[in-house]
Amino acid sequence: QGDGVKTIVPKEANVKIACRLVANQHAEKIQKLVRQHLKNICPDYADLTFIGGSFDKAQPYAVAFDAPSSIITKAVLEKTFGETAYFTKMGGTIPGMNLFRQKLNAESALLGFSEPDNQLHAPNEFMRESIYHKGREV
């Protein structure tokens, strides 16, 4: 393929689609809706094929701020950092979290120790060593 403008239309195109779900959405339903929409808009002259992956139906996961795991986490963070901890909603794809809830009947606490300037998921992502050690302490 390479860089630059191309003067032909390739005979084939491949696309990977990832949907970030939120609480109360169901992966299987969303997958069916996306597939149906793509079928509806696919031109007659094109072929459309779907291939699933290992994470193709990961369910969303959310924990209430007043859940026992959240209360314990807040206390540990405040002790470690010496400041008031505040909750925020964040997204991520961690299929195992819902499995813990279903199979072990356990709520989990998810903690991120990145800072706003850490370029999370970028090629130049980084983490300060001081935050790494605080995370280990928690």
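Residues numbered from 1 in each chain as written. Predicted model: local features only at pLDDT ≥ 70, side-chain atom pairs only at ≥ 80, totals over all residues. Heavy atoms only, no water.

Visitor: Where do I start with the overall build of the protein chain in this structure?
Guide: Within the protein chain, the secondary structure is distributed over four helices and zero strands. Taken from N to C terminus, the helices and strands of the protein chain fall in the order α-α-α-α. Across the 138 residues in the protein chain, those meeting the buried criterion constitute 14%. Here the contacts in the protein chain between residues at least 6 apart in sequence split such that 53% fall between residues at least 24 apart. When the accessible surface of the protein chain is summed, it comes to about 11900 Å², and 55% of that surface belongs to carbon and sulfur atoms. Charged side chains of the protein chain number 17 positive and 15 negative; the gap between the two group centres comes to 6 Å. (Helix = DSSP H or I, 4+ residues; strand = E, 2+ residues; numbered from the N terminus. Buried < 20%, exposed > 50% of the residue type's maximum accessible area, 1.4 Å probe, protein only. Contact = heavy atoms within 4.5 Å. Areas by Shrake-Rupley, 256 points an atom, 1.4 Å probe, with all protein chains shown as cover. Lys, Arg positive; Asp, Glu negative; His and termini not counted. Charge placed at Lys NZ, Arg CZ, Asp CG, Glu CD.)

Visitor: Is there a simple way to think about the pattern of salt bridges in this case?
Guide: Where charged atoms from two side chains of opposite charge approach closely, those side chains can pair. Scanning all chains against the criterion turns up five salt bridges. The salt bridge partner of Glu-115 is Arg-128, with a shortest N-O separation of 2.7 Å. Here Glu-115 is found in the loop between helix 3 (96-104) and helix 4 (129-137), whereas its partner Arg-128 is found in the loop between helix 3 and helix 4, with 13 residues between them in sequence. On the accessibility criterion, Glu-115 (25% relative accessible area) is partly exposed. Its relative accessible area of 32% is what places Arg-128 among the partly exposed residues. When the shortest N-O distance is used, the salt bridge between Asp-117 and Arg-128 registers 2.7 Å. Here Asp-117, found in the loop between helix 3 and helix 4, pairs with Arg-128, found in the loop between helix 3 and helix 4; they are eleven residues apart in sequence, far enough to count as distant. Each member of the salt-bridge network shares a partner with another, and the members are Glu-115, Asp-117 and Arg-128. (Salt bridge = Lys/Arg side-chain N within 4 Å of Asp/Glu carboxyl O.)

Visitor: Would you explain the confidence of the model for the protein chain in this entry?
Guide: Note: predicted coordinates in regions of low pLDDT should not be interpreted at a detailed level. Averaged over all residues, the pLDDT of the protein chain equals 87, while 94% of them reach at least 70. Looking across the protein chain, the model is least confident in helix 3, with a mean pLDDT of 86, and most confident in helix 2 (residues 68-81), with 94. (pLDDT = per-residue confidence, 0-100.)

Visitor: Help me understand unusual backbone geometry, please; the structure alone is not making it clear to me.
Guide: Among all residues except glycine, the phi angle is most often negative; among peptide bonds, the trans geometry is most common. With a phi angle near 55°, Asn-105 is a residue other than glycine that sits in the positive phi range. Relative to the helices and strands, Asn-105 resides in the loop between helix 3 and helix 4. The phi dihedral of His-121 is positive, around 70°, even though this residue is not glycine. Examined against the element boundaries, His-121 turns out to sit in the loop between helix 3 and helix 4.

Visitor: Just checking my understanding: could you explain the environment of Lys-39 for this structure?
Guide: The residue Lys-39 is located in helix 1 (residues 27-41) in this model. Lys-39 sits 80 residues away from Gln-119 along the chain, and the two C-alpha atoms are 36 Å apart.

Visitor: Would you mind going over the side chain of Asn-118 with me for this structure?
Guide: Tracing the backbone shows Asn-118 in the loop between helix 3 and helix 4. Among the polar contacts listed, one links the side chain of Asn-118 to the backbone nitrogen of Glu-115, at a separation of 2.6 Å. Not counting residues up to four positions away in its chain, the partners in contact with Asn-118 are Phe-113, Asn-124, Glu-125, Phe-126, Met-127 and Arg-128. (Polar contact = N/O pair within 3.5 Å; in protein donor to acceptor, adjacent residues only side chain to side chain.)

Visitor: How should the side chain of Ser-70 be read in this particular structure?
Guide: By secondary structure assignment, the location of Ser-70 is in helix 2. Residue Ser-70 is classed as buried on the basis of its relative accessible area of 8%. Ser-70 has contacts with Val-63, Ala-64, Phe-65 and Phe-87, leaving out every residue within four places of it along the chain.

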